[in-house]
Amino acid sequence: FEVGELAAWQRLAPRARCVLDVGAHTGLYAMLAARKNPGAKVVAFEPHPGNFARMGRNLALNGLESAVTAEPLAVGDEARSITFT
């Protein structure tokens, strides 16, 4: 599962002061960043309510709810609202 991406993320996260996980889904990349670099500001954006809830549970199960700021938002180049179907 995304072996190359995970390896690159784990190499780069320790060097970052701020890590943004956009479209975080269940929070895997945000959690890896928080573990690899406890001093970094880690923010995970996930707009889908079900995925956001799963991410919150994953963060809690891994003791990272205070290490990752979870935002129930999408990230884009304009402000607008959409409905998930």
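For the structure, see preceding data.
Rules used in this analysis
- Residues take numbers from 1 onward in each chain, read along the sequence in its written order.
- The predicted nature of this model means local features are confined to residues of pLDDT at least 70 and side-chain atom pairs, given and counted, to a pLDDT of 80 or more, with totals for whole chains, interfaces and linings taken over all residues.
- As a convention, hydrogens and water are excluded, and side-chain values are obtained from all of the structure's heavy atoms.
- Two strands are counted as paired when DSSP detects at least two bridges linking them.
- Numbering of helices and strands runs from the N terminus, with a helix taken as a DSSP run of H or I at least four residues long and a strand as a DSSP run of E at least two residues long.
- As a rule, the C-alpha atoms of each element are fitted with a line to give its axis, helices using only the stretch in contact, and angles between N-to-C directions run from 0 to 180 degrees.
- Residue contacts are defined here by distance: any two heavy atoms, one from each residue, within 4.5 Å place the two residues in contact.
- Any residue under 20% of the maximum accessible area for its type is buried, any over 50% is exposed, and the rest in between are partly exposed; the area is computed with a 1.4 Å probe on protein chains only.
- Buried residues of nine kinds, namely Ala, Val, Leu, Ile, Met, Phe, Trp, Tyr and Cys, make up a nonpolar core once their side-chain atoms join them within 4.5 Å.
- For a crossing to be left-handed, the near helix must be turned anticlockwise from the far one by less than a right angle; the clockwise case is right-handed.
- Residues are grouped as follows: Ala, Val, Leu, Ile, Met, Phe, Trp, Tyr, Cys and Pro are nonpolar; Asp, Glu, Lys and Arg are charged; every other residue, Gly included, is polar.
- Any Phe, Tyr or Trp ring, taking Trp's six-membered ring, that has another such ring centre within 6.5 Å forms a pair; planes under 30 degrees apart are called stacked, those over 60 apart edge-to-face, and the others tilted.

**A short note on the sheet that holds strand β1 (residues 18-22)**
With parallel pairing, the 3 strands of this open sheet are ordered in space as β1-β2-β3. The open sheet is flanked by β1 and β3 (68-71), the only strands paired with a single partner. Adjacent strand axes in the sheet meet at a mean angle of 15° when their direction is disregarded. Here 4 bridges tie strand β2 (residues 41-45) to β3, and the two strands are oriented parallel to one another. When the bridges of β3 are listed, alanine 44 appears paired with alanine 70. Sheet strands touched by helix α2 (residues 28-36): β1, β2 and β3. Its angle to β2, the strand with the most contacts, is close to 175°. Here helix α3 (residues 49-61) sits on the sheet in contact with β2 and β3, set at roughly 165° to β3.

**Re unusual backbone geometry**
Of note in the backbone geometry, histidine 25 takes a positive phi value of approximately 55° without being a glycine. Within the secondary structure, histidine 25 sits in the loop between β1 and α2. Residue histidine 25 is classed as partly exposed on the basis of its relative accessible area, which comes to 43%.

**Description of the nonpolar core**
The biggest cluster of nonpolar side chains holds 14 residues, and the ones touching the most others in it are Val42, Ala44, Leu59 and Val68. Where this core is concerned, the elements lending two or more residues are α2, β2 and α3. What valine 42 contacts, discounting residues up to four positions off in sequence, is Val19, Ala30, Ala33, Ala34, Ala67, Val68 and Thr69.

**As for the packing of helix α1 (residues 3-12) against α2**
Each pair of packed helices can be summarised by the angle the axes make with each other and by the distance between the axes. α2 packs onto α1 with a crossing angle of 35° between their chain directions and a minimal axis gap of 9 Å. Crossing handedness for the pair α1 and α2: right-handed. In this structure, α1 contributes Glu5, Leu6, Trp9 and Gln10 to the contact, and α2 contributes Leu28, Tyr29, Leu32, Ala33 and Lys36. Residues that form the contact of α1 with α2 fall into these classes: 6 nonpolar, 1 polar and 2 charged.

**Comments concerning the packing of aromatic side chains**
The full count for this structure, using the stated rule, is 1 aromatic pair. Note on tryptophan 9 and tyrosine 29: the rings are 5.2 Å apart at their centroids and 85° apart in plane angle, and the pair reads as edge-to-face. Of the two residues, tryptophan 9 is situated in helix α1 and tyrosine 29 in helix α2; the sequence distance between them amounts to 20 residues. According to the relative accessible area criterion, tyrosine 29 is buried, its value standing at 15%.

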